[in-house]
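A look at the structure
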Amino acid sequence: MHIYSEATAAMARSLADLCLDRLGMQAPLDESRTPAELLITAGETVTADGIGAARAVELWEQVLAPACLSVDHPRYLSFIPGAPTKAAAAFDMLVGASSVYGGSWLEGSGAVYAENQALRWISDLVGLPDTAGGVFVQGGTIGNLSALVAARAAARHRRGSELPARWAVVITGETHSSVKHALQEVMDVDVVLVPGDARGRLTGDAIRTTLATLVPEVRGGIFAVVATAGSTNLGVVDDIAGIAAVAGEQGWWLHVDGAYGGAGLAAPSVRALFDGIEQADSFIVDPHKWLFAPYDCCALIYREPVLARAAHTQKAGYLDPVTVEGEWNPSDFSVQLTRRARGLPFWFSLAVHGTQAYVHAIETTLAITREGRALIDAADHLRLLVEPDLSVLIFERIGWDDADYSAWSAQLLAEGFAFVTPTRHDGRVCTRFAIVNPTTTADDLAQIVDSMR
Ligand SMILES: *Cc1c(COP(=O)(O)O)cnc(C)c1O
């Protein structure tokens, strides 16, 4: 298994060829299968003697890969799609072949240096000081959790012996589920739920109003507030400046969740929406969403990395050689230790193309979104539900109920034409376009709009 023979070379070449084919074509949208269907078509694949490379490759190509949706399809517009650049996707293959350990400087200095250059670009977009820094983690979920754990550790340290009975964090209804889950289920921290405005935005004023109603015990336990820079369902950016002002007055940690929308920082046409973000204590953005990297990749950045290091450095005798003072060990900044150098595909693409190409690609998706919005405005059968900030359009088909949306959505997928799922807003069923793929065209959107007549 570990010898590079003629046979392994042939296997590797056939896989490389498949990779090149996939990079070079627009893969079909494909379709999910049930476990029963896959048991029939793929059967038992793990056996005592192995099924051999030829059969395993064939199974992947003909049965398993077609049972996975292509998130980079231009008419995949559900959830948050992905749209890796060719450079990023190609480099991901090399990362896999290179056995790089991305957790410590000692083991991965070249990779960590490159990743940190990519983090620097993002950090500069946010407007954080030169001393800011962090790590690429698996996704927004781990990024949010790691940031909030660091925030609580900093609060504990600052308050010394006067700790509250319960810790709490301020969020709103549109705050991502991963934040609520991190707080309530993983960290056992309470949430103070502040009502959003008409577009679901958390505002500084609303936080002040809620604060005035809280008993001192609850109020005193608040250590952080989470602002969302691009909500997942609505694509709307919170009143970050207003939130930052309250956080500053109260001495709270300001965490900004830009998992989806943070890419908009690079786009001059929407940059003003993020004003105040430079006051963040921590920030995340998922390059695997709107920054064109393959799964999975989240940039997590702290204003004061030393606070994160105090919270996250794992101590064990065998780790002593890697915990050298002054060296940048990515593992010190999140809840994970062993780490794929998962920022490298993103770094490579940024290095190859330059940041201006990213600005252009993000502006392209915003322009397509504006065209999509015009299509919805012009369609008698549709109604836009929320004024968009970024590249999400949420709208309803007048007169449709749950069953109508489900049937229409299933039909689009069965035809291999598009993946657009129903969602809910304000208690009613509706649908949305989430546009992060620069190859999605206004004509793609027009055809979907027409399919709803
Ligand atoms: C997608 C998303 C997350 C979760 O990120 P994962 O990469 O899926 O773990 C968190 N917050 C927001 C706003 C998101 O859009």
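Residues numbered from 1 in each chain as written. Predicted model: local features only at pLDDT ≥ 70, side-chain atom pairs only at ≥ 80, totals over all residues. Heavy atoms only, no water.

Burial analysis of strand E2 (residues 168-172) places 5 of its 5 residues in the buried class, the great majority of the element. Both faces of E2 are covered, namely the face carrying Ala-168, Val-170 and Thr-172 and the face carrying Val-169 and Ile-171. Taken together, the 5 bridges between E2 and strand E3 (residues 190-194) define a ladder with parallel strand orientation. Bridging across to E3, Ala-168 finds its partner in Asp-190. Following the chain from E2 across helix H7 (residues 177-186) to the adjacent parallel E3, one finds a crossover that is right-handed. In terms of strand pairing, E2 meets strand E4 (residues 222-228) through 3 bridges, oriented parallel. Paired with Val-170 across the two strands is Val-225, which belongs to E4. (Buried < 20%, exposed > 50% of the residue type's maximum accessible area, 1.4 Å probe, protein only. Helix = DSSP H or I, 4+ residues; strand = E, 2+ residues; numbered from the N terminus. Pairing = 2+ DSSP bridges. Right-handed = clockwise from strand over helix to strand, strands pointing away.)

A word on the pairing of strand E11 (residues 428-434). Counting buried positions along E11 gives 6 out of 7 residues, so the element sits mostly inside the fold. The sheet contact formed by strand E9 (residues 392-397) and E11 spans 4 bridges and is antiparallel. Considered in E11, the bridge of Ile-394 is made with Arg-432. Taking the residues between adjacent antiparallel strands as the criterion, strand E10 (residues 422-425) and E11 are bridged by 2 residues, where Asp-426 takes a positive phi near 55°.

On to the pattern of salt bridges. Throughout the structure, instances matching the rule amount to 22 salt bridges. The partner of Arg-55 in a salt bridge is Glu-58, with the nearest N and O atoms 2.7 Å apart. Here Arg-55 and its partner Glu-58 are both found in helix H3 (residues 53-64), 3 residues apart, which amounts to about one turn of the helix. In this structure, the salt-bridge partner of Asp-124 is Arg-120, at a minimum N-O distance of 3.4 Å. Here Arg-120 and Asp-124 lie together in helix H5 (residues 105-126), a separation of 4 residues that amounts to about one turn. Judged by relative accessible area, which is 44%, Asp-124 ranks as partly exposed. According to the relative accessible area criterion, Arg-120 is partly exposed, its value standing at 25%. One continuous salt-bridge network, built from bridges that share partners, spans Arg-166, Asp-188 and Asp-190. (Salt bridge = Lys/Arg side-chain N within 4 Å of Asp/Glu carboxyl O.)

The next thing to look at is the packing of H5 against helix H13 (residues 344-353). Running from amino to carboxyl end, H5 crosses H13 at an angle of 65°, the nearest separation of the two axes being 9 Å. Classified by the angle between their axes, H5 and H13 sit roughly perpendicular to one another. By crossing handedness, the relation of H5 to H13 is classed as left-handed. Listed contacts from H13 to Ala-111, Ala-114, Glu-115, Ala-118, Trp-121 and Ile-122 of H5 are Leu-344, Phe-346, Trp-347 and Leu-350. Classifying every residue of the contact of H5 with H13 by side-chain character gives 9 nonpolar, no polar and 1 charged. (Axes fitted to C-alpha atoms, helices over the stretch in contact; angles between N-to-C directions. Parallel < 35°, antiparallel > 145°, perpendicular 65-115°, else oblique. Left-handed = near helix turned anticlockwise from the far one by under 90°. Contact = heavy atoms within 4.5 Å. Nonpolar A, V, L, I, M, F, W, Y, C, P; charged D, E, K, R; others polar.)

A word on the domain arrangement of the chain. Domain boundaries in the chain define domain 1 (1-30 + 33-67), domain 2 (94-346) and domain 3 (355-450). On a C-alpha basis, the centroid separation for the pair domain 2 and domain 3 is 29 Å. Contacts between the two partners involve 24 residues from domain 2, matched on the other side by 24 residues from domain 3. Summed over both partners, the interface of domain 2 with domain 3 comes to about 2100 Å²; 63% of that surface belongs to carbon and sulfur atoms. On the domain 2 side of the contact with domain 3, Asn-233, Trp-290 and Phe-292 bury the most area, a combined 30% of that side's loss. Between the two partners, domain 2 and domain 3, sit 1 salt bridge. In this structure, Asp-389 and Arg-199 form a salt bridge, with 3.1 Å as the shortest nitrogen-oxygen distance. (Domains from an automatic or database assignment. Buried area = accessible area lost by both parts, 1.4 Å probe.)

One open sheet holds the 4 strands; their spatial order is E8-E9-E11-E10, and the pairing between them is antiparallel. A single partner strand is all that each edge strand has here, and the edge strands are strand E8 (382-384) and E10. Recorded for the sheet is a direction-independent mean angle of 45° between the axes of neighbouring strands. The strands that helix H14 (residues 355-378) touches are E8 and E9; relative to E9, the one it contacts most, it runs at about 15°. Sheet strands in contact with helix H15 (residues 402-414) are E9, E10 and E11, and its direction is about 30° off that of E11.

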